[in-house]
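Residues per chain, in single letters:
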Amino acid sequence: MEPERFYIETHGCQMNLYDSQFIAEVLARAGSQPAERPGDASVILVNTCSVRERAERKAISRLREFAALRKRNPSLVIGVVGCMAQRLGSRLAERESGIDLVAGFDAYHTLPDLIRGARLRRPVVATVAEPRALYSLRPAEQTTVTAFVTIMQGCDNFCSYCIVPYVRGRERSKPHGDILDEVRRLVSRGTKEVTLIGQNVNSYSDGEVDFARLLELANDIEGLERIRFTTSHPKDLTVGIVERIRDLPRVCEHLHLPLQSGSDRMLALMNRGYAASDYAKIVRFARHTIPALAVTTDIMVGFPTEAEADFEGTLRMLDELRFDAAFMFRYSPREGTQAENLGDDVPLETKTRRLNAAIALQNRITDEKKSALLGKQVEVLIERESGKEQAFMLGRTRENWLAKIPREGVRKGETVVADVISATRWMLCCDHSSRKVGA
Ligand code: 5AD
Ligand code: SF4
């Protein structure tokens, strides 16, 4: 019999990227092989995101496109995994006749059996009320220069707009020994940079080992060059964590710290657990402690009852705190969250106008920050060839800016010092510098 050939399309956040690698590992261990293109696959899995309605709509339209491939390949199995699978379960299979399999987080270990089952009697639905599983990867022989390592799953914060605590379940931390083993294995196969990921990494807790201690332990791993982490929650970011960013040489000077809104009334309704002034104090302290620190954030506009004055509070915070970059979103009501009861009273046009105004302001700030780097030296970890420009390699600075540098003389996985010669909004254009790393 032909071996199963799987194709996984991943939507959403870094947690999903990690989960897709885990799924690929489970399938490969059962004898399946990855397919290059969906058209070559015997099973297609879409790893879905539920954070905003738009992400869910996109997944549905991709699933319908994939279902059309069945005309040529009648035994094709089309499955949904990830947040939508967990959230909607059998409702999803009832709604979309093209779906053969719906598997929630705790079903990933048994996917090979579920796929076989779906071929005999479709649809197969495998979700539990509350996911508990924790995954660790066994890195393959060949790894990438940078890798994600999930350190915790789930979230207990229940921000009123957010679906995550309902789909990913209660917060649970992976044993620190497993995390460190995973990082060591990645490093032994060539990985230079790891990003420790979780919905709220600052509240990591494994007995005596809290997040600050985990950073220390990871920093001791020989051969690892850089450590990043995301996402931080302002209410759980401690002085100890900020000091570790300053003191541990491998921990990069970058903090992703979602603000969401600059209005105290909105922050209270969002159940964020801080006021705008608390947030500003944290950022000022962190920047004072670590002058080179880059701070990025998430902003949401159009949360229920958001008035012009509330939104102006957000613009003011963007203006005052001058983030290096920000991800901006229009509020999208999610079924079953507390905020759903508040209605969705900000008209779409207003949300869009506010979103565009916030983006325009942040773009100006990002451009100014980039311009200030001209003529400066940055440390770039070379990650890969540039897809578009043969003559360049791509990497990132410690502050997480994307950078390109002429390829001659640089190798993937190498850290180089580079001069910034020009900058676009998304990219620093660099040249080789005569200075060496650490000099
Ligand atoms: N609508 C819009 N944006 C949301 N986010 C989370 N839930 C929603 C929602 N219901 C945003 C937040 C979060 C980021 C990952 O996604 O800004 O920080
Ligand atoms: Fe959602 Fe808040 Fe948890 Fe982030 S911290 S995943 S926004 S509930």
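Relevant structure appears above.
Position numbers for residues start from 1 in each chain and track the written sequence from start to end. Labels follow written order: the first chain is A, the first ligand is 1, and so on. Confidence filtering applies because this is a predicted model: local features only for residues at pLDDT of at least 70, side-chain atom pairs given and counted only at 80 or more, and all residues used for totals across whole chains, interfaces and linings. No hydrogens and no water enter the side-chain calculation; it runs on all heavy atoms of the structure.

Chemist: Give a description of the overall build of the protein chain that names residues and reports values.
Modeler: Helix and strand assignments follow DSSP, with helices taken as H or I runs no shorter than four residues and strands as E runs no shorter than two, numbered in order from the N terminus. Each helix and strand counted, the protein chain has 13 helices and 21 strands in total. Atoms counted for the radius of gyration: C-alpha only. Globule rule: 2.2 Å times residue count to the power 0.38. For 439 residues, the compact-globule formula gives about 22 Å, and the C-alpha radius of gyration of the protein chain, at 22 Å, lands near that figure. Evaluated residue by residue, the protein chain yields a buried proportion of 54% over its 439 residues. We call two residues in contact whenever any of their non-hydrogen atoms come within 4.5 Å of each other. The contacts of the protein chain with a sequence gap of at least 6 include a subset with a gap of at least 24, amounting to 72%. Positive residues here are Lys and Arg, negative ones are Asp and Glu, while His and the chain termini are left out of the count. One atom stands in for each charge, and that atom is NZ of Lys, CZ of Arg, CG of Asp or CD of Glu. The distance from the centre of the 63 positive side-chain charges to the centre of the 60 negative ones in the protein chain is 3 Å. Classification of residues uses two cut-offs on accessible area relative to the type maximum, computed with a 1.4 Å probe and protein chains only: under 20% is buried, over 50% is exposed, and between them is partly exposed.

Chemist: For the packing of aromatic side chains, give the residues involved together with the corresponding values.
Modeler: Only Phe, Tyr and Trp rings are paired, with Trp represented by its six-membered ring, and only when their centres lie within 6.5 Å; those with planes under 30 degrees apart are stacked, over 60 edge-to-face, the remainder tilted. Evaluated as defined, the whole model comprises nine aromatic pairs. Ring plane angle 65° and centroid distance 5.9 Å describe the contact between phenylalanine 105 and tyrosine 108, whose orientation is recorded as edge-to-face. Residues tyrosine 274 and tyrosine 279 carry aromatic rings whose centres are separated by 6.0 Å and whose planes lie at 40° to one another, so their mutual orientation is tilted. By the burial criterion, tyrosine 274 is buried, and tyrosine 279 matches it. Taken together, Phe22, Phe105, Tyr108 and Tyr135 form an aromatic cluster joined through their ring pairs.

Chemist: I'd like a rundown of the site of ligand 1, residues and numbers included.
Modeler: Taken together, Val51, Arg52, Tyr161, Gln260, Asp298, Met300, Phe329, Arg330, Tyr331, Ser332 and Arg334 are the residues near ligand 1. Here tyrosine 161 contributes a backbone N or O atom positioned 3.0 Å from a nitrogen atom of ligand 1. Here aspartate 298 contributes a side-chain N or O atom positioned 2.7 Å from an oxygen atom of ligand 1. Burial of ligand 1 by the protein chains amounts to 85% of its free accessible area of 400 Å². Sorting the residues of the shell around ligand 1 by element identifies strand 15 (294–301) and strand 16 (325–330) as the ones contributing at least two each. Of the residues in the shell around ligand 1, the class split is five nonpolar, two polar and four charged. Definition of nearness: a residue and a molecule or strand are near each other if at least one heavy atom of the residue lies within 4 Å of the molecule or strand. Polar contacts, as counted here, are pairs of nitrogen or oxygen atoms within 3.5 Å of one another; within protein the pair requires one atom able to donate a hydrogen and one able to accept it, and residues that are adjacent in sequence qualify only if both atoms are side-chain atoms. Only the protein chains shown count as cover for residues, and all accessible areas are computed by the Shrake-Rupley method using a 1.4 Å probe. Residues are grouped as follows: nonpolar covers Ala, Val, Leu, Ile, Met, Phe, Trp, Tyr, Cys and Pro; charged covers Asp, Glu, Lys and Arg; every other residue, Gly included, is treated as polar.

Chemist: Please set out the sheet that holds strand 4 (residues 77–82) residue by residue, giving values where relevant.
Modeler: Following DSSP output, two strands are said to pair if at least two bridges run between them. Taken together, the six strands give an open sheet; going across it, the order is 2-1-3-4-5-6, and neighbouring strands pair in parallel fashion. The two strands at the open ends of the sheet, each matched to only one other strand, are strand 2 (33–34) and strand 6 (124–126). Note that strand 1 (residues 5–10) and strand 3 (residues 43–48) share five bridges and pair parallel. Bridge pairing in strand 3 links glutamate 9 to valine 46. For every element, the axis is a line fit to its C-alpha atoms; helices are fit only across the contacting stretch, and the angle between N-to-C directions ranges from 0 to 180 degrees. Across the sheet, helix 1 (residues 14–29) is in contact with strand 1, strand 3 and strand 4; its angle to strand 1 comes to roughly 175°.

Chemist: Any chance you could break down the environment of aspartate 344 for me, citing the residues and the numbers?
Modeler: Here aspartate 344 shows up in the loop between strand 16 and helix 13 (348–371). Among the residues examined, aspartate 344 registers a relative accessible area of 37% and is labelled partly exposed. Along the sequence, aspartate 344 and glutamate 306 sit 38 residues apart, while their C-alpha atoms lie 9.9 Å from each other. Sequence-distant contacts of aspartate 344, that is, excluding residues within four places in its chain, are made with Gly302, Tyr331, Pro333 and Lys351. Separated by 2.9 Å, the side chains of aspartate 344 and lysine 351 make a polar contact.

Chemist: Quick one: what's the story with the site of ligand 2, residue by residue and with numbers?
Modeler: Neighbouring ligand 2 are Cys155, Asn157, Phe158, Cys159, Tyr161, Cys162, Val164, Pro165, Gln199, His233 and Arg272. For the shell around ligand 2, the class distribution of residues is seven nonpolar, three polar and one charged.

Chemist: Let's hear about helix 5 (residues 111–120): which residues, and what values?
Modeler: Of the residues making up helix 5, those classed as buried are Leu111, Pro112, Leu114, Ile115 and Ala118. Seen along its axis, helix 5 keeps its buried residues to an arc of 165°; they face one direction. The reported arc concerns the directions from the helix axis to the C-beta atoms and nothing else.

Chemist: Which residues make up the sheet that holds strand 19 (residues 402–406), and what values go with them?
Modeler: A barrel is described by the order of its strands in space; here five strands give the closed sequence 17-18-19-21-20, paired in mixed fashion. Taken over all neighbouring pairs, the strand axes of this sheet differ in orientation by 50° on average, direction set aside. In terms of strand pairing, strand 17 (residues 377–385) meets strand 20 (residues 415–423) through five bridges, oriented antiparallel. Note on strand 20: the bridge partner recorded for glutamine 377 is aspartate 419.

Chemist: So what's going on with the packing of helix 11 (residues 276–289) against helix 12 (residues 308–321)? Residues and values would help.
Modeler: It is at 11 Å that the axes of helix 11 and helix 12 come closest, and there the two elements cross at 10°. Put simply, helix 11 runs roughly parallel to helix 12. Helix 12 is crossed by helix 11, and the crossing has right-handed handedness. Counted together, Ala276, Tyr279, Ala280, Val283, Arg284 and Arg287 of helix 11 and Met317, Glu320 and Leu321 of helix 12 form the full contact between these two elements. In these notes the angle categories are as follows: under 35 degrees is roughly parallel, over 145 is roughly antiparallel, 65 to 115 is roughly perpendicular, and the rest is oblique. Left-handed describes a crossing whose near helix is turned anticlockwise from the far helix through less than a right angle; right-handed describes the clockwise counterpart.

Chemist: An account of the pattern of salt bridges is requested, with residue identities and associated values reported.
Modeler: Salt bridges, as used here, are contacts in which a Lys or Arg side-chain nitrogen is within 4 Å of a carboxyl oxygen on Asp or Glu. Applying the stated criterion to the full structure yields 37 salt bridges. For arginine 334, the salt bridge goes to glutamate 56, with nearest N and O atoms at 3.6 Å. In this pair, arginine 334 sits in the loop between strand 16 and helix 13 while glutamate 56 sits in helix 2 (residues 53–68), placing the two residues 278 residues apart along the sequence. Exposure class is identical for arginine 334 and glutamate 56. Each is buried. Here arginine 228 ties to glutamate 193 by a salt bridge, and the two come within 2.9 Å at their closest N and O atoms. With arginine 228 in strand 13 (residues 226–230) and glutamate 193 in strand 10 (residues 193–197), the pair connects residues that are 35 residues apart, well separated along the chain.

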